[in-house]
Amino acid sequence: MSHSDSCSPKQHVHELLGSTRISGCCDWAHNHRFATVSGEAIPCEGSHVHEVKFYTDSCNGHNHEFCGTTVKAKEVGDGRHVHFIEGCTSEKDHHKHEFIAATLIENPVCEK
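Just so we're clear, the structure is a prediction, and the values are computed from it rather than from any experiment. (Residues numbered from 1 in each chain as written. Predicted model: local features only at pLDDT ≥ 70, side-chain atom pairs only at ≥ 80, totals over all residues. Heavy atoms only, no water.)

Remarks on the overall build of the protein chain
Moving on, step 1. A count of helices and strands for the protein chain gives one helix and 10 strands.
Moving on, step 2. Walking the protein chain from its N terminus toward its C terminus, one meets helices and strands in the order α-β-β-β-β-β-β-β-β-β-β.
Moving on, step 3. Along the longest, intermediate and shortest principal axes, the C-alpha atoms of the protein chain span 50 × 25 × 20 Å.
Moving on, step 4. Across the 112 residues in the protein chain, those meeting the buried criterion constitute 35%.
Moving on, step 5. Contacts spanning at least 24 positions in sequence make up 49% of the contacts within the protein chain whose residues lie at least 6 apart. (Helix = DSSP H or I, 4+ residues; strand = E, 2+ residues; numbered from the N terminus. Buried < 20%, exposed > 50% of the residue type's maximum accessible area, 1.4 Å probe, protein only. Contact = heavy atoms within 4.5 Å.)

Notes on the side chain of Glu106
Moving on, step 1. Among the secondary structure elements, Glu106 is positioned in the segment after β10 (98–102).
Moving on, step 2. Of note is the side chain of Glu106, whose polar atom sits 3.0 Å from the backbone nitrogen of His81.
Moving on, step 3. Discounting chain neighbours no more than four positions away, the residues touching Glu106 are His12, Val13, His14, Gly79, Arg80 and His81. (Polar contact = N/O pair within 3.5 Å; in protein donor to acceptor, adjacent residues only side chain to side chain.)

What to know about the pattern of salt bridges
Moving on, step 1. What the rule picks out here adds up to three salt bridges.
Moving on, step 2. Its salt-bridge partner being Glu98, residue Arg21 comes within 3.2 Å of it at the nearest N-O pair. On the criterion of sequence distance, the pair formed by Arg21 in the loop between β1 (15–19) and β2 (33–37) and Glu98 in strand β10 is long-range, its members being 77 residues apart.
Moving on, step 3. On the basis of relative accessibility, which here comes to 45%, the residue Glu98 falls in the partly exposed class.
Moving on, step 4. For Lys72, the salt bridge identified is with Glu45, shortest N-O distance 3.3 Å. Here Glu45 lies in the loop between β3 (42–44) and β4 (47–49) and Lys72 lies in the loop between β6 (65–69) and β7 (74–77), a separation of 27 residues in the sequence. (Salt bridge = Lys/Arg side-chain N within 4 Å of Asp/Glu carboxyl O.)

Some thoughts on the state of the cysteines
Moving on, step 1. On inspection of all chains with the given rule, the structure shows zero disulfides.
Moving on, step 2. The structure places no disulfide on Cys26, whose sulfur is separated from the nearest cysteine sulfur, that of Cys25, by 3.6 Å.
Moving on, step 3. When its relative accessible area of 69% is taken as the criterion, Cys26 is described as exposed.
Moving on, step 4. Of the cysteine sulfurs around Cys59, a residue in no disulfide, the closest is that of Cys25, at 14 Å. (Disulfide = S-S within 2.5 Å.)

Here we look at the nonpolar core
Nonpolar side chains in soluble globular proteins generally cluster together in the buried interior.
Moving on, step 1. Core analysis: the largest hydrophobic core is formed by eight residues, namely Leu16, Phe34, Val52, Phe54, Phe66, Ile85, Phe99 and Ala101.
Moving on, step 2. If you list the elements that add at least two residues to this core, you get β5 (51–55) and β10. (Core = buried A, V, L, I, M, F, W, Y, C linked by side-chain atoms within 4.5 Å.)

In structure tokens form, the structure reads like this:
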């Protein structure tokens, strides 16, 4: 794959990292962190979306899983874009966590 192919705006992925909202109460109140890379771009209504899958870090002896899809691309200038995603993790130990996150800009150092 040539350098220009690896920086193609059509075939790309995004980094995604964040924290879940706090769940539980008292001594069990906690949140989790996550970091992942999205799947390749999937065409959608004149734009595109990305599939996202991750496991959170472990806290209080458990972690959570998430599988979902971003919203369509949001332009941020200079021909770059991000995607927003919100959802809820899988349930573990009788609770789950909500989160809202944005991907990092795609190909931040590649030439257009």
